[in-house]
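# Fold and geometry: a report
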Amino acid sequence: MFDKTDQLAVNTIRTLSMDAIQAANSGHPGLPMGAAPMAYVLWSKYLKVNPKRSNWVDRDRFVLSAGHGSAMLYALLHLSGYDLSIEDVKNFRQLGSKTPGHPEVHDTDGVDATTGPLGQGFANGVGMAMAEAHLAAKFNREGYPVVDHHTYVLCGDGDLMEGISYEAASLAGTLKLNKLIVLYDSNDICLDGPLNKVFTEDVKKRFKGLGWNYIRVEDGNDLDEIAEAIEEAQCQKEKPTIIEVKTVIGYGAPNQGTNKVHGAPLGPDGIAEAKANYGWEYGPFEVPEEVQHRFDKLLVQTGENDYNEWKTLFEGYKQAYPELAKEFEDSFAENIEVDLEKVLPSYEFGSPAMASRVTSQAAIQELGKHIPFLWGGSADLSSSNNTMNKADTDFSHENYGGRNIWFGVREFAMGAAMNGMLLHGGNRVYGGTFFVFADYLKAAMRVAAISHLPAIYVYTHDSIAVGEDGPTHEPIEQLAAFRATPNLNVIRPADGNEVSAAWKVAVETKDRPSVLVFSRQNLPVLEHSQELAYEGVKRGAYVVSPQKCDTPEGILIATGSEVALAIEAQKVLAEEGIDVSVVSMPSMNLFEEQPKEYRESVLPSDVRKRVAVEMGASFGWGQYVGLDGATVTIDRFGLSGNGNKVMETLGFTVENVVNTFKSL
């Protein structure tokens, strides 16, 4: 099946990678040199992509989970005809280049996922395969397989050592995602040395136990053996597949097979010896003409043909199923054709108090009716997070069309799989857990923010009001931590109207994730929120209960359940002749993005007597209360006991808020 030109192409990938790393004097040559054969076989023979239309929706997805091997990916992208020149390859790891140290989805044409934090790419692949299965179930009709592609992941030993890979593999096996194929670069070396110092498990038994198909390739340089394994995996109809490919890290280098070639340039002598071992007769960054011709034929021409065939198929689909075709296109364009403010629940002042997790559930039901590409679930807490869409069915291997996802107790995998779903396109996804457990998926949230992915996190049980479950389940520092994360909306609504407004912000945001923080305890409907919440939440903060006179004597700033507490304190202060305003600040980051004039109207700079009230850490509130202000916050862990008594013990009472203000 393969000839001398194919072997020359493999060595071209290796040498381009080595040269780029040497030019940068930084990078990881070991993986590109060892894994180039499997990558070449996949890309040249089996990967369904169109480099000239890199965002084609029915392309195969490829995730380099072992993102430190980015030089290999850039070599492949350049050779395959993506918008990545040889100059871009030469600028590897340079400031402002298209070839950053680890792959970033918005920086480089053809990169399907931002990877580097090990294990996350593996879970991204699971999410992509979930999205493919879901969209295929929704849209495919007999004779019109408009969604029909594979997800390929290339991972290493480090990916499989990270716990997230177990979580994600377990979920993929349960869901029987047969179009997910993982190529495992098994080279028996980790960064510090021999792998057997830290990783001795039977990978075959592990993955078979998780419901996967397992294939082993004994010689990672045998192109035919690799091809046979991929073809066998593609024929699997019931299970995802992992192909363990035994390779030699840094193949051809003086220190091949050792950790010395993992993460440092080979140096001029090392490169010379490796190239001699390959029989390489070309200069640095040189691509043999026959190799480029082979890539043009196998990737560019074939890709254009595949795309044109699909385009013809989709044109026929539009004629046969015009409504489905429109929904398909709207899903990938994320078109929302309804005015959400008109359909989301609205609550009148004086109506019964409800927990914001309950009003969030009501919002989800309405959103589900009007946004068919919205789906989501919870990490085994849907009955508490209230994330189920009651009108829909469960997503499972028996029903990929369902929109309720059972992620299981796999918070980290949930976060990274959500990233994969969003990277795939054609859907918007939310995932839920208790707010304190958001720490389990923080790393995936960070990558979502870096990648500008509009993931929606539904975090309930937002404070010490959780009570009896005690400090392990009571978030304290989480709000401050997430507010410190760039490109992340953090919204803590104060009542049902702010909840609806928060959901509107989240689903209409396309360039960043949103954290929605909801209560378990009941929250009264605020007097003016029905008319003010949508604009107020969009702007991050607003005066929810104004002072009586033109200028307030002070300001009480609060979020979530504490806004109602601040309003009660405002009433007591008014009885004592002290006129203050109450500001609801559901989102600091959205407030900071407002014009200076608006921020001044909410928090007049000449009103220096300010108190912030929030059941969380004081960190971050100093910018709003200033040196003359104070906070009613928590800089310790919580307590186990009745929620109301816990709140009272830790100072969340009208009396304490009033006294704190009067002490200024």
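All of these numbers come straight from a predicted model, not from anything done at the bench. (Residues numbered from 1 in each chain as written. Predicted model: local features only at pLDDT ≥ 70, side-chain atom pairs only at ≥ 80, totals over all residues. Heavy atoms only, no water.)

### So, the packing of aromatic side chains
The geometry of an aromatic ring pair comes down to the distance between the two centres and the angle between the two planes. This is how the line gets drawn: Centres within 6.5 Å make a pair out of two Phe, Tyr or Trp rings, where for Trp the six-membered ring is used; the pair is then stacked when the planes are under 30 degrees apart, edge-to-face when over 60, and tilted otherwise. The numbering of helices and of strands both runs from the N terminus, where a helix is a DSSP run of H or I of at least 4 residues and a strand a run of E of at least 2. For each residue, the accessible area found with a 1.4 Å probe, counting protein chains only, is set against the maximum for its type, and the residue is called buried under 20%, exposed over 50%, and partly exposed in between.
This model, assessed by the stated rule, comprises 32 aromatic pairs. Ring geometry for W43 against Y82: centres 6.4 Å apart, planes inclined by 65°, an arrangement best described as edge-to-face. Here the residue W43 occupies a position in helix α2 (residues 30-46), and Y82 occupies one in the loop between α3 (70-80) and α4 (86-90), the gap between them amounting to 39 residues. The class of W43 is buried, set by a relative accessible area of 2%. With a centroid separation of 6.0 Å and an interplanar angle of 50°, the aromatic rings of Y144 and Y317 are classed as tilted. Here Y144, found in the loop between α5 (120-139) and β2 (151-156), pairs with Y317, found in helix α11 (residues 289-320); they are 173 residues apart in sequence, far enough to count as distant. Residue Y144 is classed as partly exposed on the basis of its relative accessible area, which comes to 22%.

### Some thoughts on the UniProt feature "active site" (unreviewed entry) in the protein chain
Let me state the cut-off plainly: UniProt positions are given in the numbering used here, feature names are shortened, and annotations may be inferred rather than shown by experiment. Note on contacts: a residue pair is in contact if any heavy atoms of the two residues lie within 4.5 Å.
UniProt records the feature "active site" (unreviewed entry) at E411, using the numbering of this structure. With respect to the element layout, E411 can be found in helix α16 (residues 411-424). Sequence-distant contacts of E411, that is, excluding residues within four places in its chain, are made with E167, A379, T433, F437, Y440 and L441.

### Remarks on the nonpolar core
Definition in use: Residues belong to a common nonpolar core when they are buried Ala, Val, Leu, Ile, Met, Phe, Trp, Tyr or Cys residues joined through side-chain atoms within 4.5 Å. By convention here, the domain bounds are inherited from an automatic or database domain assignment.
Of all hydrophobic cores here, the largest spans 71 residues; its most connected members are I464, W503, L556, M585, L603 and F652. There are two domains that each give this core at least three residues, and those are domain 2 (340-525) and domain 3 (539-663). Those residues within four positions of M585 in sequence are excluded, and the remaining contacts are G540, A541, I557, A558, T559, F591, L603, W621 and Y624. Counting residues in hydrophobic clusters, the runner-up holds 67 residues, among them L64, I215, V217 and L298.

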